[in-house]
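Notes for the structure review
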Amino acid sequence: MPRVLTPIAELRPRREPPVNDLRQREQAWIAQRAAATHCRECPLGALATQTVWGEGPIGAPLMLVGEQPGDQEDLQGRPFVGPAGRLMDRALKELGWDRSIAYVTNAVKHFKFVPAPRGKRRMHKTPAQREADACEHWLESEIALVQPQAIVALGATAARQLLKRAIPVLRERGHWLDRPDGRKVLITLHPSALLRVDPAERDAAFSAWLRDLALASHYARAHAARQ
Ligand code: URA
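Residues numbered from 1 in each chain as written. Predicted model: local features only at pLDDT ≥ 70, side-chain atom pairs only at ≥ 80, totals over all residues.

Right, let's talk about the nonpolar core for a bit. Judged by nonpolar contacts, the single largest core of 47 residues is most densely connected at L62, M63, V65, A102, V152 and A153. For this core, the leading source of residues is helix α6 (residues 129–146), giving seven residues. Once residues within four sequence positions are removed from consideration, V152 is found in contact with L62, L64, V65, L186, T188, L213 and A216. (Core = buried A, V, L, I, M, F, W, Y, C linked by C-beta atoms within 7 Å. Buried ≥ 20, exposed ≤ 12 C-beta atoms within 10 Å, placed from the backbone. Helix = DSSP H or I, 4+ residues; strand = E, 2+ residues; numbered from the N terminus. Contact = placed C-beta atoms within 7 Å.)

What follows is about the packing of helix α2 (residues 22–36) against α6. Between two packed helices, what matters for the description is the angle formed by their axes and the separation of those axes. Packing of α2 against α6 brings their axes to within 10 Å, and their N-to-C directions diverge by 165°. The angle between α2 and α6 places the two elements in the roughly antiparallel class. Regarding α2 and α6, the two cross each other, and that crossing is left-handed. Between α2, through R25, A28, W29, Q32 and A36, and α6, the contact on the second element is made entirely by W138, S141 and L145. (Axes fitted to C-alpha atoms, helices over the stretch in contact; angles between N-to-C directions. Parallel < 35°, antiparallel > 145°, perpendicular 65-115°, else oblique. Left-handed = near helix turned anticlockwise from the far one by under 90°.)

Once that is clear, we can look at the environment of A48. Its location among the elements puts A48 in the loop between α3 (44–47) and β1 (62–66). Measuring from C-alpha to C-alpha, the distance between A48 and F111 comes to 5.6 Å, with 63 residues separating the pair along the chain. With residues near it in sequence (within four places) discarded, A48 still touches D74, H110 and F111.

On to unusual backbone geometry, then. The backbone of Q147 sits at a positive phi, close to 55°, despite the residue not being glycine. Take Q147: it is sitting in the loop between α6 and β5 (150–154).

Below, the discussion takes up the sheet that holds β5. Pairing is mixed in the open sheet, where five strands are placed in the order β2-β1-β5-β7-β6. Two strands close off the open sheet at either side, each with one partner strand: β2 (102–106) and β6 (176–178). Each strand axis lies, on average, 25° off the axis of its neighbour in the sheet, ignoring direction. Of the pairings in the sheet, the one linking β1 to β5 comprises four bridges and is parallel in character. Residue pairing in the sheet places L62 in a bridge with A150 of β5. (Pairing = 2+ DSSP bridges.)

Next up, the structure:
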């Protein structure tokens, strides 16, 4: 009887587990989240209270990516639970979405801060590019496991990390750009930027932000239709 040879490709060790099946992706996501808990690939992990991993359904058609956790997120261990998160939730509500239809995460998983000149407050500090790059593989693993059809980049850090190049957010807001993996990325402002707008102009800025986000409604509805 002729010997059946095992194809070479099957003999090579696989570098990554097969993650096509939803259940396997959920298991792999839990393992990644646990591994990130101990991340010390940049100095931020040692200073923050904890790693803030993303949240939301594996398989969500839409992913929202911010910059990094803030003070409240750092303390609670969940993304977008502080003032910026509340503004985001208000926007999602006005669009008829809610968090259950989107996966929400950050480009950087630890809070970077400086002490306020007075008092005990901790003030947000923009992460350095090397810190964002150290986190890149965590964000990429979330994208690979959630497999969103589209991603919303909230601000410049998220846009840079998702698209692998600097994006002029004010010029590109409201536009869909293509990631190297072919996924669409909608560019818009970070909600914290809206919180800094002059109060007299805040309503108009919020309405413009809603118009940007509404462009992703199609993907948000795709999830609701599947339920
Ligand atoms: N800003 C972000 O970019 N992410 C958060 O989770 C909170 C504030």
